[in-house]
Amino acid sequence: MRHYLAVQKLWIGFLSLVCLTNCSHTESNAAVLAVKPSTSKTWFTQVEREFPTANKKLRQWDAPVVADLDQDGYPDLLLNDHGFSIRVMWNNKGRYSKPYDLIMGDMHGISVADFDKDGLNEIILAPGGGSGSNARNAKIFRVSKDRQFTRVADFDTPLAYMRGRTVKFVDLNNDGLLDLIDFAFPSAEKKGESENYLYKNNQQQQLVLAARLPASQRDGQKVLLSDFNSDKQIDILVYGHGTVKAYENNGQFTFKNVSKHIFPSLYQHVSGIAEIDYDNDGDFDLLLTRGQEFKGGETFYHAASQTWGYYTKRGAFHFDNLVAGDVLNIINMQSQWPTKALYLGESAYEYQFAGETHSGRDIRLVNSDTLGFPDQLSSDKKGAYLGYVGNRTWHFATNTWSPSSGVIQGIESAPTPTQEPGFSNILLENRQGKFIDVSHKLPKQIAHTMGSAILDINNDGYQDIVLVMRGQMVTATHSPLLVNQQGAGFKLASNTGLISPELGAIGMGAQGVDYNLDGKMDIIQGNERGKWHLFKNQIVKSQLGAYIKVNVGESPKANASPLGALVKVTACANSQTQRVGATAAQYSQSYDKLVHFGLGSCQQALQLQVTWPNGEVANQKITSINQIINI
């Protein structure tokens, strides 16, 4: 572990922004920090003018995908409004366009790259399978430099039909060509046969089946691509159900499960994995976020605001003894087709919603319109039921197979919610291809954390962590920022401004991006049943280090793809290494060729090295900072 002494003077003032002890953060989002920031400004502010997403609360999927689709030098976005549309947001020199619908329907993983070497980017999408009734294969679109999309025909042997989940372009055999990971939610019809496909690029613009990883169960298709043994071959970590499984790349599309050999424990309840060289020693460590999705029947209550929330699925649930006045306000009520109905009163008449019903619905109801409650829920009327049963008491129920959720305001008292306990996150340090648990270097916390983003927030030359919390549905959700203490550990920052205010939302995923190329890393976060948010970095110049951005192109000899290339910057005795396209997305793969490095107070010449997946290496000396370097 090498400590970067050159930046210490710069950060004397900055450290006042950071909690000076290992503060705790709980699922209640009520952590109190020991020291307030020295300035009234927050680290981040949410911006809307530059990020004009629809003002609707929608089902979402995974972290945002960042890629310069039209190759104009600015990072564009692909956002998955789950069950509705894959949306493209073009970056117009630091200001995003309104979302453009690329394809409608149920989609999951997204990956971007130029896999066929035609000079244009392709987007691959993993369609869902309609709960098993509508198996489909992955869809590919080609993007022109003038922002036009063309559907790419199926290969001679089409990609497998499945309930698609994970797609990631990656060079698995170090030949400079991009292969494909294409994983499915297991279908009952396959009777346990693996649907975790590895496709090889045959150099003729075709992806052909080369191998499969062992079958996964339930939602165990989440993937991180990394190189944990530093042999320059991409290894695959698979998680999401059961324990994390580490598959070592042995070449020629052969992989070996080495989990018991490299991990100090077999970790469960892992919601996300991120690659991070937190100590700048040249190998990649791992951050394992841990948490569970809500279970059917969980409720939430915030007494101060008289707000009650619910999450149900897979059957009928009754919630009685909800004490309230004459009027109830339902906020962000969501359920999937065909069980979106709300039935009122003893007769269970159907409430008529105005407008579309895919997004979250807000409803105001008075007791005189909802008198009584059915003796039993009708098997023919799937949905939600609400009735006023007298004595300031309301009865609420749901009967759906798919998840149903919402928030009701005006509840003066409610039965005590029952909550599943959370988990601590895990930081694993890589020591010559084996990991040791150094989680004591993280702030103490017991919570449900759903994902993370890795980025150098303050340009000090060390990567920081943004955590995405599951939240409680009845309060705003705060995303903790863990500031790297020059490789010695992490401390929790205060007044970050990373707040998702929408009620009824569930934390999902995030990705760092410098969307306006101002040298400061920003954050885009998505919330299931909520909104996408762009948080703009507001750290003032006096508390911010210098930086360099490396725009990685194809390799000089074989034109190998930059996706997965390693970029190393050495400055003032501090070396940093990052991977092109690094992401903590569970099912998707970003393709941001602009790799950002903070430099702290270093003003000396830099040494830059890029290693492409096919083994080609380029070295360059950099004498000017705070700029983009093309290589």
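Predicted model, so just to flag it, every value in this text is computed and none were measured.

About the cut-offs
Here, residues in each chain are numbered from 1, in the same order as that chain's written sequence. In keeping with the model being predicted, local features are shown solely for residues with a pLDDT of at least 70 and side-chain atom pairs are shown and tallied solely at 80 or more, while totals for entire chains, interfaces and linings include all residues. Here the side-chain values reflect all heavy atoms present in the structure, with hydrogen atoms and water set aside. Numbering of helices and strands runs from the N terminus, with a helix taken as a DSSP run of H or I at least four residues long and a strand as a DSSP run of E at least two residues long. Within these notes, the globule rule equals 2.2 Å times the number of residues to the 0.38 power, and the radius of gyration is based on C-alpha atoms. Remark: exposure states derive from per-residue accessible area (1.4 Å probe, protein chains only) relative to the maximum for the residue type, with buried under 20%, exposed over 50%, and partly exposed in between. Every residue pair with non-hydrogen atoms within 4.5 Å of one another is taken to be in contact. Think of it this way: a Phe, Tyr or Trp ring, Trp meaning its six-membered ring, pairs with another when their centres are within 6.5 Å, and the plane angle makes it stacked under 30 degrees, edge-to-face over 60, tilted otherwise. The criterion for strand pairing is that DSSP finds at least two bridges linking the strands in question. For helices, the fitted axis covers only the stretch in contact; all axes are lines through C-alpha atoms, and the angles between them, taken along N-to-C directions, range from 0 to 180 degrees. The criterion for a disulfide is a pair of cysteine sulfur atoms lying within 2.5 Å. In this document the domain limits rely on a domain assignment from an automatic tool or a database. Grouping buried Ala, Val, Leu, Ile, Met, Phe, Trp, Tyr and Cys residues that are joined through side-chain atoms within 4.5 Å yields what is termed a nonpolar core. Values of pLDDT, ranging from 0 to 100, describe the predictor's confidence in every residue of the model. UniProt positions are given in the numbering used here, feature names are shortened, and annotations may be inferred rather than shown by experiment.

## Notes on the overall build of the chain
Right, so step 1: In terms of helices and strands, the chain carries 1 helix and 48 strands.
Right, so step 2: Against the 2.2 N^0.38 benchmark of 25 Å for 631 residues, the chain shows a C-alpha radius of gyration of 25 Å, consistent with a compact globule.
Right, so step 3: Projected onto its principal axes, the C-alpha coordinates of the chain cover approximately 75 × 60 × 50 Å.
Right, so step 4: Residue burial in the chain is summarised as follows: out of 631 residues, 61% are buried.
Right, so step 5: If you take every contact in the chain between residues at least 6 apart in sequence, the share linking residues at least 24 apart comes to 60%.

## Here's the deal with the packing of aromatic side chains
Right, so step 1: Going through the model one piece at a time under the given rule, you end up with 22 aromatic pairs.
Right, so step 2: Ring centres of Trp-61 and Tyr-587 lie 4.8 Å apart, and the angle between their planes is 40 degrees; on these two criteria the pair is classed as tilted. Of this pair, Trp-61 sits in the loop between strand 2 (44–47) and strand 3 (65–67) while Tyr-587 sits in the loop between strand 44 (574–579) and strand 45 (594–600); the two residues are 526 residues apart in sequence, bridging distant segments of the chain. Considered together, Trp-61 and Tyr-587 belong to a single accessibility category, that of buried residues.

## Here's the deal with the sheet that holds strand 7 (residues 107–113)
Strand-to-strand pairing in sheets goes through backbone hydrogen bonds, with the strands running parallel or antiparallel.
Right, so step 1: Strands sit in the order 7-8-9-10 across an open sheet of 4 strands; the sheet is antiparallel. Two strands close off the open sheet at either side, each with one partner strand: strand 7 and strand 10 (149–151). Put simply, the sheet's adjacent strands are angled 25 degrees from each other on average, direction ignored.
Right, so step 2: Across 5 bridges, strand 7 lies against strand 8 (residues 121–127) in antiparallel orientation. Note that in strand 8 the partner of Val-112 across the bridge is Ile-123.

## A few points about the pairing of strand 44
Right, so step 1: Taking burial as the measure, the 6 residues of strand 44 include 6 buried ones, the bulk of the element.
Right, so step 2: Residues Asn-574, Gln-576 and Gln-578 line one face of strand 44 and the alternating positions Ser-575, Thr-577 and Arg-579 line the opposite face, and both faces are buried.
Right, so step 3: For strand 43 (residues 566–571) and strand 44, the ladder comprises 6 bridges, and the chain directions are antiparallel. Each bridged residue has a counterpart across the sheet, and for Val-569 the counterpart in strand 44 is Gln-576.

## Considering the side chain of Arg-290
Right, so step 1: Among the secondary structure elements, Arg-290 is positioned in strand 20 (residues 285–290).
Right, so step 2: Apart from the residues lying within four places of it in its own chain, the contact partners of Arg-290 are Gln-268, His-269, Val-270, Ser-271, Phe-423, Ser-424, Asn-425, Ile-426, Ala-447, His-448 and Thr-449.

## Regarding the state of the cysteines
Right, so step 1: Under the criterion given, the structure shown has 1 disulfide.
Right, so step 2: There is a disulfide in this structure between Cys-572 and Cys-602, and the S-S distance comes to 1.9 Å. Across the S-S bond linking Cys-572 and Cys-602, the dihedral sits near 80 degrees, which makes this disulfide right-handed. One end of the pair, Cys-572, is in the loop between strand 43 and strand 44; the other, Cys-602, is in the loop between strand 45 and strand 46 (606–611), with 30 residues separating them in the sequence.

## Notes on the domain arrangement of the chain
Right, so step 1: As far as domains go, the chain holds domain 1 (46–292 + 420–541), domain 2 (298–413) and domain 3 (542–630).
Right, so step 2: For domain 2 versus domain 3, the separation of C-alpha centres amounts to 52 Å.

## Some remarks on the nonpolar core
Right, so step 1: Residues Leu-69, Leu-78, Ile-123, Leu-125 and Phe-169 are the most contacted members of the largest nonpolar core, which totals 38 residues.
Right, so step 2: When residues no more than four places from it in sequence are discounted, the contact partners of Leu-125 are Ile-86, Leu-102, Ile-103, Met-107, Gly-109, Ile-110, Ala-138, Lys-139 and Phe-141.

## Examining unusual backbone geometry
Right, so step 1: Across the junction of Trp-337 and Pro-338, the peptide omega takes the value 10 degrees, indicating a cis bond.
Right, so step 2: Along the polypeptide, Pro-338 turns up in the loop between strand 23 (315–335) and strand 24 (341–344).
Right, so step 3: For Asn-559, which is not glycine, the phi dihedral falls at a positive 55 degrees.
Right, so step 4: Looking at the element boundaries, Asn-559 is found in the loop between strand 42 (546–551) and strand 43.

## Re the confidence of the model for the chain
Right, so step 1: Mean pLDDT over the chain works out to 92, with 93% of the residues at or above the 70 mark.
Right, so step 2: Here residues 1–40 scores under 50 on pLDDT; set against residues more than four positions off or in separate chains, the count is 120 contacts.

## Examining the sheet that holds strand 34 (residues 464–469)
Right, so step 1: Reading across from one edge, 33-34-36-37 is the order of the 4 strands in this open sheet, with antiparallel pairing throughout. Looking at which strands have only one partner, the edges of the open sheet turn out to be strand 33 (449–455) and strand 37 (490–492). Averaged over all pairs of adjacent strands, the angle between their axes in this sheet comes to 25 degrees, without regard to strand direction.

## A short note on the UniProt feature "domain: ASPIC/UnbV" (unreviewed entry) in the chain
Right, so step 1: Mapped onto the present numbering, the UniProt feature "domain: ASPIC/UnbV" (unreviewed entry) falls at residues 563–628.
Right, so step 2: Secondary structure over residues 563–628 splits into 0% helix and 48% strand, and the C-alpha atoms at its two ends are 18 Å apart.

## Quick notes on the pairing of strand 39 (residues 506–513)
Right, so step 1: Across the 8 residues of strand 39, 8 count as buried, placing the element largely inside the fold.
Right, so step 2: Both strand 39 and strand 40 (residues 522–528) contribute to a ladder of 7 bridges, which runs antiparallel. Counted as the bridge partner of Val-513 is Asp-522 from strand 40.

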